[in-house]
Amino acid sequence: MEKLIINGGNKINGTVRVSGSKNAVLPILAATLLIPDTCYIYNVPALRDVYTMLELLKYYGADVEAGECLKINCSNIQNRPPSAMVRDIRASFLIVGALLGRFGRVSMFMPGGCKIGQRPVDLHLKGFGALGASQSLEGGIIDISGKYLNGREIYLDFPSVGATENIMLASVTAKGRTIISNCAAEPEIIDLANFLNKAGAKITGAGSDTIVVEGAPALSGVSHSIIPDRIEAGTFMLAAAAAGGECRIENIMIDHIRPVMSKLREMEVDIKEEENALTVYADGIVVNTDIKTLPYPGFPTDMQAQFTALMAKGLGTGIVNETVFENRFMYVGELIKMGANITVEGKLAVVRGVEGLAGAEVNATDLRAGAALIISALAAEGKTEIGNIHYIDRGYEEIEKKLSALGCKIKRVKCP
Ligand code: UD1
(Lines give C-alpha, C1' and ligand atoms only; values in the text may rest on other atoms or scores of the structure.)
Protein backbone atom coordinates (compact mmCIF):
# COMPACT_ATOMS: atom_id res chain seq x y z
CA MET A 1 0.00 0.00 0.00
CA GLU A 2 1.28 3.44 -0.90
CA LYS A 3 0.14 7.00 -0.40
CA LEU A 4 0.88 10.40 -1.87
CA ILE A 5 2.12 13.21 0.34
CA ILE A 6 1.60 16.69 -1.05
CA ASN A 7 2.71 19.98 0.44
CA GLY A 8 0.36 22.48 -1.10
CA GLY A 9 0.24 26.22 -1.59
CA ASN A 10 2.98 26.38 -4.26
CA LYS A 11 2.50 27.62 -7.79
CA ILE A 12 2.87 25.24 -10.76
CA ASN A 13 5.43 26.11 -13.39
CA GLY A 14 6.75 24.26 -16.40
CA THR A 15 5.79 21.88 -19.18
CA VAL A 16 4.11 18.50 -19.00
CA ARG A 17 3.55 15.93 -21.74
CA VAL A 18 0.25 14.07 -21.81
CA SER A 19 0.33 10.26 -22.18
CA GLY A 20 -1.77 8.04 -24.42
CA SER A 21 -5.45 7.77 -23.57
CA LYS A 22 -6.52 5.06 -21.13
CA ASN A 23 -10.03 4.92 -22.51
CA ALA A 24 -8.76 4.64 -26.08
CA VAL A 25 -6.10 2.00 -25.50
CA LEU A 26 -8.32 -0.41 -23.53
CA PRO A 27 -10.88 -1.06 -26.33
CA ILE A 28 -8.05 -1.16 -28.88
CA LEU A 29 -6.31 -3.86 -26.85
CA ALA A 30 -9.59 -5.77 -26.79
CA ALA A 31 -9.83 -5.30 -30.58
CA THR A 32 -6.50 -7.06 -31.14
CA LEU A 33 -8.31 -10.31 -30.23
CA LEU A 34 -10.16 -10.01 -33.53
CA ILE A 35 -6.96 -9.89 -35.56
CA PRO A 36 -5.02 -13.09 -36.34
CA ASP A 37 -1.85 -11.15 -37.04
CA THR A 38 0.68 -8.77 -35.42
CA CYS A 39 -0.38 -5.31 -34.23
CA TYR A 40 2.11 -2.58 -33.31
CA ILE A 41 0.68 -0.07 -30.88
CA TYR A 42 2.46 3.16 -29.93
CA ASN A 43 1.89 5.79 -27.24
CA VAL A 44 0.53 3.17 -24.81
CA PRO A 45 0.33 4.60 -21.28
CA ALA A 46 1.96 2.62 -18.46
CA LEU A 47 -1.16 2.16 -16.33
CA ARG A 48 -2.47 -0.52 -14.02
CA ASP A 49 -5.61 -1.02 -16.17
CA VAL A 50 -3.44 -1.51 -19.25
CA TYR A 51 -1.34 -4.17 -17.49
CA THR A 52 -4.49 -5.98 -16.37
CA MET A 53 -5.86 -5.94 -19.92
CA LEU A 54 -2.57 -7.29 -21.29
CA GLU A 55 -2.62 -10.11 -18.73
CA LEU A 56 -6.11 -10.92 -19.92
CA LEU A 57 -4.99 -11.03 -23.56
CA LYS A 58 -2.16 -13.39 -22.55
CA TYR A 59 -4.69 -15.60 -20.76
CA TYR A 60 -6.37 -16.18 -24.14
CA GLY A 61 -2.99 -16.98 -25.69
CA ALA A 62 -1.93 -13.62 -27.16
CA ASP A 63 1.80 -13.04 -27.67
CA VAL A 64 2.60 -9.73 -26.02
CA GLU A 65 5.93 -7.91 -26.22
CA ALA A 66 6.10 -4.70 -24.23
CA GLY A 67 8.50 -1.85 -25.03
CA GLU A 68 8.43 1.57 -26.66
CA CYS A 69 6.00 -0.08 -29.08
CA LEU A 70 3.61 -2.71 -27.81
CA LYS A 71 3.63 -5.74 -30.10
CA ILE A 72 0.62 -8.07 -29.87
CA ASN A 73 -0.01 -11.16 -31.93
CA CYS A 74 -3.35 -12.93 -31.53
CA SER A 75 -2.86 -15.57 -34.24
CA ASN A 76 -3.03 -18.49 -31.84
CA ILE A 77 -5.55 -17.39 -29.24
CA GLN A 78 -8.06 -19.87 -27.87
CA ASN A 79 -11.49 -19.43 -26.40
CA ARG A 80 -11.32 -20.14 -22.68
CA PRO A 81 -13.54 -20.10 -19.58
CA PRO A 82 -13.89 -16.65 -18.01
CA SER A 83 -10.94 -15.40 -15.98
CA ALA A 84 -11.43 -13.77 -12.59
CA MET A 85 -9.19 -10.97 -13.93
CA VAL A 86 -12.19 -9.44 -15.70
CA ARG A 87 -13.47 -8.43 -12.29
CA ASP A 88 -10.49 -6.09 -11.83
CA ILE A 89 -11.47 -3.68 -14.60
CA ARG A 90 -14.87 -3.06 -16.09
CA ALA A 91 -13.39 -2.28 -19.51
CA SER A 92 -12.41 -5.95 -19.76
CA PHE A 93 -16.06 -6.63 -20.68
CA LEU A 94 -15.09 -5.19 -24.10
CA ILE A 95 -13.33 -8.43 -24.92
CA VAL A 96 -16.82 -9.98 -25.18
CA GLY A 97 -17.54 -8.27 -28.52
CA ALA A 98 -14.11 -9.17 -29.86
CA LEU A 99 -14.25 -12.83 -28.78
CA LEU A 100 -17.80 -13.17 -30.09
CA GLY A 101 -16.60 -11.85 -33.45
CA ARG A 102 -13.56 -14.14 -33.46
CA PHE A 103 -15.04 -17.39 -32.10
CA GLY A 104 -18.81 -17.00 -32.38
CA ARG A 105 -19.08 -17.83 -28.71
CA VAL A 106 -17.96 -16.31 -25.43
CA SER A 107 -18.37 -16.99 -21.74
CA MET A 108 -17.81 -14.13 -19.31
CA PHE A 109 -18.44 -13.01 -15.73
CA MET A 110 -21.18 -10.38 -15.60
CA PRO A 111 -19.59 -7.16 -14.37
CA GLY A 112 -20.97 -5.94 -11.06
CA GLY A 113 -21.84 -2.38 -10.10
CA CYS A 114 -19.00 -0.18 -8.96
CA LYS A 115 -18.56 2.74 -6.63
CA ILE A 116 -19.75 5.36 -9.10
CA GLY A 117 -22.95 3.52 -9.98
CA GLN A 118 -24.70 0.34 -11.05
CA ARG A 119 -23.18 0.36 -14.53
CA PRO A 120 -25.31 -2.37 -16.14
CA VAL A 121 -24.40 -3.91 -19.53
CA ASP A 122 -27.96 -4.31 -20.83
CA LEU A 123 -27.22 -2.17 -23.90
CA HIS A 124 -24.17 -4.27 -24.80
CA LEU A 125 -26.31 -7.42 -24.54
CA LYS A 126 -29.17 -5.85 -26.48
CA GLY A 127 -26.71 -5.17 -29.29
CA PHE A 128 -25.32 -8.72 -29.35
CA GLY A 129 -28.89 -10.05 -29.32
CA ALA A 130 -29.86 -7.85 -32.26
CA LEU A 131 -26.91 -9.26 -34.23
CA GLY A 132 -28.41 -12.71 -33.68
CA ALA A 133 -26.47 -13.99 -30.65
CA SER A 134 -28.33 -16.05 -28.05
CA GLN A 135 -27.56 -15.49 -24.39
CA SER A 136 -27.94 -17.42 -21.16
CA LEU A 137 -26.99 -16.43 -17.64
CA GLU A 138 -26.10 -18.87 -14.90
CA GLY A 139 -24.17 -18.38 -11.68
CA GLY A 140 -23.07 -14.88 -12.63
CA ILE A 141 -21.58 -16.12 -15.93
CA ILE A 142 -23.10 -15.10 -19.22
CA ASP A 143 -22.78 -17.37 -22.24
CA ILE A 144 -23.22 -15.68 -25.59
CA SER A 145 -23.41 -17.70 -28.79
CA GLY A 146 -23.65 -16.44 -32.32
CA LYS A 147 -21.69 -18.33 -34.93
CA TYR A 148 -23.24 -16.36 -37.79
CA LEU A 149 -23.84 -12.77 -36.73
CA ASN A 150 -25.90 -10.67 -39.09
CA GLY A 151 -25.76 -6.88 -39.37
CA ARG A 152 -28.85 -5.07 -38.06
CA GLU A 153 -30.00 -1.60 -37.05
CA ILE A 154 -29.45 -1.15 -33.31
CA TYR A 155 -30.76 1.84 -31.40
CA LEU A 156 -29.06 2.58 -28.08
CA ASP A 157 -31.39 3.98 -25.41
CA PHE A 158 -28.40 5.91 -24.07
CA PRO A 159 -25.17 6.72 -25.97
CA SER A 160 -23.09 4.32 -23.88
CA VAL A 161 -19.38 4.39 -24.69
CA GLY A 162 -18.79 0.74 -23.76
CA ALA A 163 -21.89 -0.56 -25.57
CA THR A 164 -20.98 1.35 -28.74
CA GLU A 165 -17.47 -0.11 -28.65
CA ASN A 166 -18.59 -3.65 -27.88
CA ILE A 167 -21.19 -3.65 -30.66
CA MET A 168 -18.64 -2.24 -33.11
CA LEU A 169 -16.25 -5.06 -32.16
CA ALA A 170 -18.90 -7.77 -32.56
CA SER A 171 -20.18 -6.42 -35.87
CA VAL A 172 -16.87 -5.84 -37.65
CA THR A 173 -16.78 -9.40 -38.99
CA ALA A 174 -20.58 -9.95 -39.04
CA LYS A 175 -22.42 -10.48 -42.31
CA GLY A 176 -23.92 -7.36 -43.85
CA ARG A 177 -24.49 -3.86 -42.52
CA THR A 178 -24.84 -2.90 -38.86
CA ILE A 179 -26.16 0.55 -38.03
CA ILE A 180 -25.66 1.73 -34.43
CA SER A 181 -27.84 4.76 -33.85
CA ASN A 182 -27.82 7.11 -30.87
CA CYS A 183 -24.31 5.80 -30.29
CA ALA A 184 -21.53 7.46 -28.31
CA ALA A 185 -19.38 10.00 -30.16
CA GLU A 186 -16.36 10.17 -27.82
CA PRO A 187 -12.90 10.66 -29.41
CA GLU A 188 -11.94 7.22 -28.06
CA ILE A 189 -14.64 5.69 -30.30
CA ILE A 190 -13.05 7.38 -33.31
CA ASP A 191 -9.65 5.99 -32.30
CA LEU A 192 -11.09 2.48 -32.09
CA ALA A 193 -12.75 2.87 -35.51
CA ASN A 194 -9.48 4.16 -37.01
CA PHE A 195 -7.59 1.21 -35.58
CA LEU A 196 -10.12 -1.30 -36.89
CA ASN A 197 -10.33 0.38 -40.31
CA LYS A 198 -6.56 0.16 -40.69
CA ALA A 199 -6.96 -3.58 -40.01
CA GLY A 200 -9.49 -3.89 -42.84
CA ALA A 201 -12.80 -3.09 -41.14
CA LYS A 202 -15.34 -0.88 -42.88
CA ILE A 203 -16.63 1.55 -40.27
CA THR A 204 -18.02 4.99 -41.06
CA GLY A 205 -19.65 7.66 -38.93
CA ALA A 206 -17.48 7.26 -35.79
CA GLY A 207 -17.63 10.55 -33.91
CA SER A 208 -21.26 11.14 -34.94
CA ASP A 209 -24.44 9.69 -33.42
CA THR A 210 -24.72 6.98 -36.09
CA ILE A 211 -22.04 4.43 -36.88
CA VAL A 212 -22.29 2.13 -39.89
CA VAL A 213 -20.27 -1.08 -39.97
CA GLU A 214 -20.12 -3.08 -43.20
CA GLY A 215 -19.05 -6.60 -42.25
CA ALA A 216 -15.52 -7.45 -43.41
CA PRO A 217 -14.58 -11.12 -43.47
CA ALA A 218 -10.97 -10.92 -42.31
CA LEU A 219 -8.74 -8.45 -40.51
CA SER A 220 -4.95 -8.11 -40.67
CA GLY A 221 -2.17 -6.58 -38.56
CA VAL A 222 -1.81 -2.81 -38.11
CA SER A 223 0.44 -0.14 -36.71
CA HIS A 224 -1.37 2.48 -34.65
CA SER A 225 -0.59 5.29 -32.21
CA ILE A 226 -3.04 5.92 -29.36
CA ILE A 227 -4.57 9.42 -29.11
CA PRO A 228 -3.54 11.63 -26.17
CA ASP A 229 -5.53 11.35 -22.96
CA ARG A 230 -7.98 14.29 -22.85
CA ILE A 231 -8.84 13.60 -19.20
CA GLU A 232 -5.20 13.63 -18.11
CA ALA A 233 -4.75 16.90 -20.04
CA GLY A 234 -7.82 18.38 -18.35
CA THR A 235 -6.58 17.29 -14.94
CA PHE A 236 -3.28 19.17 -15.42
CA MET A 237 -5.20 22.23 -16.64
CA LEU A 238 -7.27 22.21 -13.47
CA ALA A 239 -4.25 21.59 -11.25
CA ALA A 240 -2.67 24.72 -12.70
CA ALA A 241 -5.91 26.70 -12.36
CA ALA A 242 -6.27 25.67 -8.70
CA ALA A 243 -2.66 26.15 -7.60
CA GLY A 244 -1.89 29.09 -9.90
CA GLY A 245 1.14 29.46 -12.13
CA GLU A 246 2.03 28.93 -15.77
CA CYS A 247 1.69 25.41 -17.13
CA ARG A 248 2.28 24.34 -20.72
CA ILE A 249 0.55 21.07 -21.61
CA GLU A 250 1.87 19.25 -24.66
CA ASN A 251 0.64 16.35 -26.79
CA ILE A 252 -3.06 17.19 -26.75
CA MET A 253 -5.83 17.34 -29.31
CA ILE A 254 -7.34 20.74 -28.65
CA ASP A 255 -10.76 19.83 -30.07
CA HIS A 256 -11.09 16.99 -27.55
CA ILE A 257 -10.82 19.33 -24.58
CA ARG A 258 -12.98 22.22 -25.76
CA PRO A 259 -15.69 21.70 -23.09
CA VAL A 260 -13.04 21.82 -20.36
CA MET A 261 -11.37 24.88 -21.89
CA SER A 262 -14.70 26.68 -22.24
CA LYS A 263 -15.60 26.09 -18.62
CA LEU A 264 -12.18 27.22 -17.41
CA ARG A 265 -12.45 30.39 -19.48
CA GLU A 266 -15.89 31.02 -17.98
CA MET A 267 -14.11 30.79 -14.63
CA GLU A 268 -11.70 33.51 -15.79
CA VAL A 269 -8.68 31.29 -16.34
CA ASP A 270 -6.42 32.46 -19.14
CA ILE A 271 -5.55 29.78 -21.73
CA LYS A 272 -3.37 30.18 -24.79
CA GLU A 273 -3.99 27.58 -27.52
CA GLU A 274 -1.45 26.22 -29.98
CA GLU A 275 -1.82 23.38 -32.46
CA ASN A 276 -1.05 20.45 -30.17
CA ALA A 277 -0.41 22.23 -26.90
CA LEU A 278 -1.83 24.88 -24.63
CA THR A 279 -0.65 27.04 -21.75
CA VAL A 280 -2.69 27.83 -18.66
CA TYR A 281 -1.91 31.14 -16.90
CA ALA A 282 -3.60 31.27 -13.51
CA ASP A 283 -3.40 33.17 -10.25
CA GLY A 284 -5.14 30.41 -8.27
CA ILE A 285 -8.42 32.33 -8.00
CA VAL A 286 -11.34 31.20 -10.17
CA VAL A 287 -14.91 32.43 -10.40
CA ASN A 288 -17.29 29.55 -9.82
CA THR A 289 -19.74 28.44 -12.47
CA ASP A 290 -22.21 25.60 -13.04
CA ILE A 291 -21.37 22.37 -14.82
CA LYS A 292 -23.54 19.57 -16.14
CA THR A 293 -21.99 16.29 -17.24
CA LEU A 294 -23.20 14.88 -20.56
CA PRO A 295 -22.10 12.43 -23.25
CA TYR A 296 -19.48 13.88 -25.64
CA PRO A 297 -19.29 16.63 -26.87
CA GLY A 298 -20.90 17.64 -23.58
CA PHE A 299 -18.90 18.19 -20.43
CA PRO A 300 -17.12 14.90 -19.47
CA THR A 301 -18.20 13.11 -16.31
CA ASP A 302 -14.55 12.05 -15.93
CA MET A 303 -13.69 15.73 -15.22
CA GLN A 304 -16.55 16.33 -12.78
CA ALA A 305 -14.70 15.57 -9.54
CA GLN A 306 -11.69 17.66 -10.57
CA PHE A 307 -13.95 20.67 -11.31
CA THR A 308 -15.69 20.33 -7.96
CA ALA A 309 -12.24 20.34 -6.31
CA LEU A 310 -11.26 23.48 -8.25
CA MET A 311 -14.49 25.26 -7.32
CA ALA A 312 -14.06 24.37 -3.63
CA LYS A 313 -11.72 27.36 -3.37
CA GLY A 314 -13.38 29.51 -6.07
CA LEU A 315 -15.28 32.76 -5.70
CA GLY A 316 -19.03 32.35 -5.23
CA THR A 317 -21.23 29.29 -5.67
CA GLY A 318 -21.29 26.69 -8.44
CA ILE A 319 -23.72 23.85 -9.07
CA VAL A 320 -22.47 20.52 -10.36
CA ASN A 321 -25.09 18.37 -12.10
CA GLU A 322 -23.97 14.77 -12.68
CA THR A 323 -26.28 13.20 -15.26
CA VAL A 324 -24.18 10.25 -16.48
CA PHE A 325 -23.51 8.22 -13.32
CA GLU A 326 -25.79 7.97 -10.31
CA ASN A 327 -23.21 7.94 -7.52
CA ARG A 328 -20.26 10.07 -8.48
CA PHE A 329 -19.97 12.36 -5.45
CA MET A 330 -18.34 9.88 -3.05
CA TYR A 331 -15.23 12.06 -2.79
CA VAL A 332 -17.11 15.11 -1.49
CA GLY A 333 -16.72 13.95 2.13
CA GLU A 334 -12.94 13.93 1.61
CA LEU A 335 -12.96 17.50 0.23
CA ILE A 336 -15.01 18.57 3.25
CA LYS A 337 -12.18 17.22 5.48
CA MET A 338 -9.96 19.80 3.76
CA GLY A 339 -12.38 22.62 4.56
CA ALA A 340 -14.61 22.61 1.46
CA ASN A 341 -18.25 23.72 1.78
CA ILE A 342 -20.19 21.36 -0.50
CA THR A 343 -23.65 19.87 -0.11
CA VAL A 344 -24.90 16.98 -2.21
CA GLU A 345 -28.55 16.42 -3.04
CA GLY A 346 -29.01 13.45 -5.38
CA LYS A 347 -27.35 14.26 -8.68
CA LEU A 348 -26.55 17.85 -7.67
CA ALA A 349 -23.65 19.20 -5.64
CA VAL A 350 -23.71 22.81 -4.47
CA VAL A 351 -20.17 24.11 -4.09
CA ARG A 352 -19.82 27.28 -2.00
CA GLY A 353 -16.28 28.51 -2.50
CA VAL A 354 -14.23 28.98 0.70
CA GLU A 355 -11.27 31.30 1.17
CA GLY A 356 -8.76 28.53 1.65
CA LEU A 357 -8.38 24.77 1.97
CA ALA A 358 -6.15 23.05 4.52
CA GLY A 359 -4.15 19.84 4.10
CA ALA A 360 -5.65 16.71 5.67
CA GLU A 361 -5.52 12.92 5.60
CA VAL A 362 -7.89 11.79 2.84
CA ASN A 363 -8.59 8.73 0.72
CA ALA A 364 -9.27 8.36 -2.99
CA THR A 365 -12.69 6.76 -3.49
CA ASP A 366 -12.23 6.11 -7.22
CA LEU A 367 -9.89 7.10 -10.05
CA ARG A 368 -11.09 10.63 -10.84
CA ALA A 369 -11.89 11.27 -7.17
CA GLY A 370 -8.19 10.64 -6.56
CA ALA A 371 -7.31 13.25 -9.18
CA ALA A 372 -9.67 15.71 -7.49
CA LEU A 373 -7.92 15.20 -4.15
CA ILE A 374 -4.54 15.89 -5.78
CA ILE A 375 -5.90 19.17 -7.19
CA SER A 376 -7.26 20.23 -3.79
CA ALA A 377 -4.04 19.23 -2.07
CA LEU A 378 -1.96 21.35 -4.47
CA ALA A 379 -4.21 24.34 -3.79
CA ALA A 380 -4.42 23.79 0.00
CA GLU A 381 -2.10 25.17 2.63
CA GLY A 382 -0.04 22.52 4.40
CA LYS A 383 0.37 18.78 4.07
CA THR A 384 -2.17 16.37 2.56
CA GLU A 385 -1.81 12.61 2.68
CA ILE A 386 -3.82 10.75 0.04
CA GLY A 387 -4.48 7.07 0.60
CA ASN A 388 -5.96 4.41 -1.74
CA ILE A 389 -3.79 5.67 -4.57
CA HIS A 390 -4.09 2.39 -6.45
CA TYR A 391 -7.20 4.05 -7.93
CA ILE A 392 -5.07 6.93 -9.25
CA ASP A 393 -2.54 4.50 -10.75
CA ARG A 394 -5.34 2.98 -12.83
CA GLY A 395 -5.48 6.09 -14.99
CA TYR A 396 -2.54 8.46 -14.46
CA GLU A 397 0.94 7.53 -15.67
CA GLU A 398 3.71 8.60 -13.27
CA ILE A 399 1.53 11.32 -11.79
CA GLU A 400 3.96 12.27 -9.03
CA LYS A 401 6.92 12.47 -11.44
CA LYS A 402 5.00 14.69 -13.83
CA LEU A 403 3.80 16.99 -11.03
CA SER A 404 7.26 17.12 -9.42
CA ALA A 405 8.69 18.26 -12.75
CA LEU A 406 6.16 21.13 -12.59
CA GLY A 407 7.56 22.18 -9.21
CA CYS A 408 4.90 20.53 -7.04
CA LYS A 409 5.95 19.15 -3.67
CA ILE A 410 4.66 15.61 -4.03
CA LYS A 411 6.09 12.23 -3.12
CA ARG A 412 4.93 8.63 -3.05
CA VAL A 413 5.63 6.73 0.15
CA LYS A 414 4.92 3.21 1.36
CA CYS A 415 2.29 3.00 4.08
CA PRO A 416 3.72 1.53 7.28
C1 UD1 B 1 -16.65 4.89 -20.28
C2 UD1 B 1 -15.30 5.30 -19.72
C3 UD1 B 1 -15.48 6.05 -18.40
C4 UD1 B 1 -16.45 7.22 -18.59
C5 UD1 B 1 -17.77 6.75 -19.24
C6 UD1 B 1 -18.69 7.91 -19.58
C7 UD1 B 1 -13.82 3.59 -20.54
C8 UD1 B 1 -12.94 2.43 -20.25
N9 UD1 B 1 -14.50 4.13 -19.52
O10 UD1 B 1 -17.23 3.99 -19.33
O11 UD1 B 1 -14.20 6.54 -18.00
O12 UD1 B 1 -16.73 7.79 -17.33
O13 UD1 B 1 -17.48 6.04 -20.45
O14 UD1 B 1 -18.07 8.83 -20.39
O15 UD1 B 1 -13.89 4.04 -21.67
N16 UD1 B 1 -25.30 2.20 -19.07
C17 UD1 B 1 -26.44 1.45 -19.04
N18 UD1 B 1 -26.45 0.25 -19.72
C19 UD1 B 1 -25.39 -0.18 -20.44
C20 UD1 B 1 -24.23 0.61 -20.48
C21 UD1 B 1 -24.21 1.80 -19.79
O22 UD1 B 1 -27.42 1.80 -18.40
O23 UD1 B 1 -25.47 -1.27 -21.04
C24 UD1 B 1 -25.25 3.48 -18.32
C25 UD1 B 1 -24.19 3.42 -17.22
O26 UD1 B 1 -24.66 2.81 -16.05
C27 UD1 B 1 -23.88 4.89 -17.03
C28 UD1 B 1 -24.07 5.46 -18.44
O29 UD1 B 1 -24.81 4.51 -19.17
O30 UD1 B 1 -24.80 5.48 -16.16
C31 UD1 B 1 -22.76 5.72 -19.16
O32 UD1 B 1 -22.01 4.52 -19.24
P33 UD1 B 1 -21.02 4.20 -20.43
O34 UD1 B 1 -21.03 5.32 -21.42
O35 UD1 B 1 -21.32 2.84 -20.92
O36 UD1 B 1 -19.63 4.20 -19.67
P37 UD1 B 1 -18.50 3.12 -19.74
O38 UD1 B 1 -18.31 2.64 -21.13
O39 UD1 B 1 -18.71 2.11 -18.66
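Residues numbered from 1 in each chain as written. Predicted model: local features only at pLDDT ≥ 70, side-chain atom pairs only at ≥ 80, totals over all residues. Heavy atoms only, no water.

### Thoughts on the overall build of the chain
Okay, step 1: On a plain count of helices and strands, the chain comes out with 13 helices and 23 strands.
Okay, step 2: Rg of the C-alpha trace for the chain: 21 Å, near the compact-globule value of 22 Å for 416 residues, within the 12% margin.
Okay, step 3: Oriented by its inertia axes, the alpha-carbon framework of the chain measures out at about 65 × 45 × 40 Å.
Okay, step 4: When the 416 residues of the chain are sorted by exposure, 56% land in the buried category.
Okay, step 5: In the chain, the proportion of contacts linking residues at least 24 apart, taken out of those at least 6 apart, comes to 73%.
Okay, step 6: Working note: accessible area of the chain is about 16,200 Å², and carbon and sulfur atoms make up 49% of it.
Okay, step 7: Each charge class in the chain can be summarised by its mean position, and for the 42 positive and 46 negative side chains these summaries are 4 Å apart. (Helix = DSSP H or I, 4+ residues; strand = E, 2+ residues; numbered from the N terminus. Rg over C-alpha atoms; globule rule 2.2 N^0.38 Å. Buried < 20%, exposed > 50% of the residue type's maximum accessible area, 1.4 Å probe, protein only. Contact = heavy atoms within 4.5 Å. Areas by Shrake-Rupley, 256 points an atom, 1.4 Å probe, with all protein chains shown as cover. Lys, Arg positive; Asp, Glu negative; His and termini not counted. Charge placed at Lys NZ, Arg CZ, Asp CG, Glu CD.)

### Considering the site of the ligand
Okay, step 1: In the neighbourhood of the ligand, 17 residues make up the surrounding shell, with D122, L123, S160, D302 and V324 lying closest.
Okay, step 2: Contact between the ligand and S160: an oxygen atom at 2.6 Å from a side-chain N or O atom of the residue.
Okay, step 3: Take V161: an N or O atom from its main chain is 2.8 Å from an oxygen atom of the ligand.
Okay, step 4: Out of a free accessible area of 740 Å², the ligand has 85% covered by protein chains.
Okay, step 5: Of all the secondary structure elements, the ones that give two or more residues to the shell around the ligand are α4 (122–130) and α5 (161–171).
Okay, step 6: Here the element with the most residues in the shell around the ligand is α4; it accounts for three residues.
Okay, step 7: Looking at the shell around the ligand residue by residue, the class counts come to eight nonpolar, five polar and four charged.
Okay, step 8: Taken domain by domain, the makeup of the shell around the ligand includes at least three residues from each of domain 1 (2–19 + 228–414) and domain 2 (22–225). (Near = heavy atom within 4 Å. Polar contact = N/O pair within 3.5 Å; in protein donor to acceptor, adjacent residues only side chain to side chain. Nonpolar A, V, L, I, M, F, W, Y, C, P; charged D, E, K, R; others polar. Domains from an automatic or database assignment.)

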